[in-house]
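# Close look at the chain arrangement
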Amino acid sequence: MRIVRLGTRRDTTRLGGEIARILEPGDLALFSGDLGAGKTFLARAVARALGVPADVAIASPTFTLVQEYETPRGTLAHADLYRLRDEDHAKTAMEIARLGLRERRGDGAIVLVEWGEGFSDELGGDVALDVSLALDGAERVATLRGDKADRLAPHT
Ligand SMILES: Nc1ncnc2c1ncn2[C@@H]1O[C@H](COP(=O)(O)OP(=O)(O)O)[C@@H](O)[C@H]1O
Ligand SMILES: [Mg+2]
């Protein structure tokens, strides 16, 4: 487990670059945390660091559920499952499975998911990175877990 303090947006952008460095084709990264914690901001930073060109807008997938980008490092899929989450866990699981993100990983896409916690099986399992973002006063704190968390540079 790694804990990274994100005092400024610049820190979050730097963390995004570090996450991009360690992600490989087929990897799944989950971003959790309350509304406004910085999940989309971090996903955007990862996307830019993977090479999504500056003239390609990276919108929040709040309504589209999934946005895909072509990058020099392969396809990136960015999803936000908030709108699918329902008290009926089985129904939510089925709807998430239907998005086909597991299959996109099989095709070699890197998949970043907001609000995906609890549904890693439907997303193909093996979470490379689980990033939990929390507000701490004016600051944010990222807690990183998962198979690749210990590959982050020591001073990230
Ligand atoms: N250190 C920081 N890291 C990330 N976002 C920050 C930070 N400081 C301020 N912000 C702001 O917080 C907001 C986070 O929004 P967003 O990423 O959409 O949240 P979420 O996707 O978790 O709901 C953005 O408006 C961003 O500019
Ligand atoms: Mg978001």
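Below, the structure is looked at part by part. (Residues numbered from 1 in each chain as written. Chains lettered and ligands numbered in written order. Predicted model: local features only at pLDDT ≥ 70, side-chain atom pairs only at ≥ 80, totals over all residues. Heavy atoms only, no water.)

Further remarks concern the overall build of the chain. Looking only at helices and strands, one finds four helices and seven strands in the chain. When its helices and strands are written in sequence order, the chain yields β-α-β-α-β-β-α-α-β-β-β. Rg of the C-alpha trace for the chain: 14 Å, near the compact-globule value of 15 Å for 156 residues, within the 12% margin. Dimensions of the chain, computed from C-alpha atoms along their principal axes, come out at roughly 40 × 35 × 30 Å. The 156 residues of the chain split such that 47% are buried. (Helix = DSSP H or I, 4+ residues; strand = E, 2+ residues; numbered from the N terminus. Rg over C-alpha atoms; globule rule 2.2 N^0.38 Å. Buried < 20%, exposed > 50% of the residue type's maximum accessible area, 1.4 Å probe, protein only.)

Let us now look at helix α3 (residues 89–98). For α3, the set of buried residues is Thr92, Ala93 and Ile96. One side of α3 holds all its buried residues, which, seen down the axis, span an arc of 100°. Opposite the buried face of α3, by more than 90 degrees, sit the exposed residues Ala90 and Arg98. Backbone geometry just after α3 places glycine 100 at a positive phi near 80°. (Arc of directions from axis to C-beta.)

It is worth spelling out the coordination of the magnesium ion (ligand 2) at this point. In the first shell of the magnesium ion (ligand 2), the protein supplies Thr40 (OG1) and Glu114 (OE), at 2.1 to 2.2 Å from the metal. With a gap of 74 residues between them, threonine 40 in helix α2 (residues 39–50) and glutamate 114 in strand β5 (residues 110–114) connect regions that are remote in the sequence. Both residues of the pair, threonine 40 and glutamate 114, belong to the buried class. (Donors = N, O, S within 2.8 Å, 3.2 Å for Na, K, Ca; no water.)

This brings us to α2. For α2, with twelve residues, the first-to-last C-alpha span of 16 Å sits near the 16 Å given by 1.5 Å per residue. Buried residues of α2: Lys39, Thr40, Leu42, Ala43, Ala45, Val46, Ala47 and Leu50, and no others. Where the residues of α2 are buried, they touch α1 (9–22), β2 (28–32), β3 (66–71), β4 (74–80), β5 and β6 (127–136). Positive phi shows up at glycine 51, right after α2, with a value of about 110°. (Expected span 1.5 Å × (residues − 1). Contact = heavy atoms within 4.5 Å.)

A few words now on the sheet that holds β2. Within the open sheet, the seven strands sit side by side as β1-β7-β6-β2-β5-β4-β3. Their pairing is mixed. Here the strands that pair on one side only, and so sit at the sheet edges, are β1 (2–6) and β3. Within the sheet, the average angular offset between the axes of one strand and its neighbour, ignoring direction, is 20°. Bridge count between β1 and strand β7 (residues 139–145): five bridges; the pairing is antiparallel. (Pairing = 2+ DSSP bridges. Axes fitted to C-alpha atoms, helices over the stretch in contact; angles between N-to-C directions.)

Nonpolar side chains in soluble globular proteins tend to be buried together. With 29 residues, the main nonpolar core has Ile19, Leu112, Val131 and Leu144 as its most contacted residues. Put simply, the parts of the chain that give this core at least two residues each are β1, α1, β2, α2, β5, β6 and β7. Ranked by residues supplied to this core, first place goes to α2 with five residues. Setting aside residues up to four positions removed in sequence, valine 131 forms contacts with Ile19, Leu30, Phe31, Ser32, Leu42, Ala142, Thr143 and Leu144. Residues Leu81, Val111, Trp115 and Phe119 belong to the second largest nonpolar core, which totals 17 residues. (Core = buried A, V, L, I, M, F, W, Y, C linked by side-chain atoms within 4.5 Å.)

So, about the side chain of histidine 78. Position of histidine 78 relative to the elements: it lies in strand β4. Residue class for histidine 78 comes out buried when judged on its relative accessible area of 1%. Setting aside anything within four residues of it in sequence, one finds histidine 78 in contact with Thr40, Ala43, Ala59, Pro61, Leu65, Val66, Gln67, Tyr69, Leu112 and Glu114.

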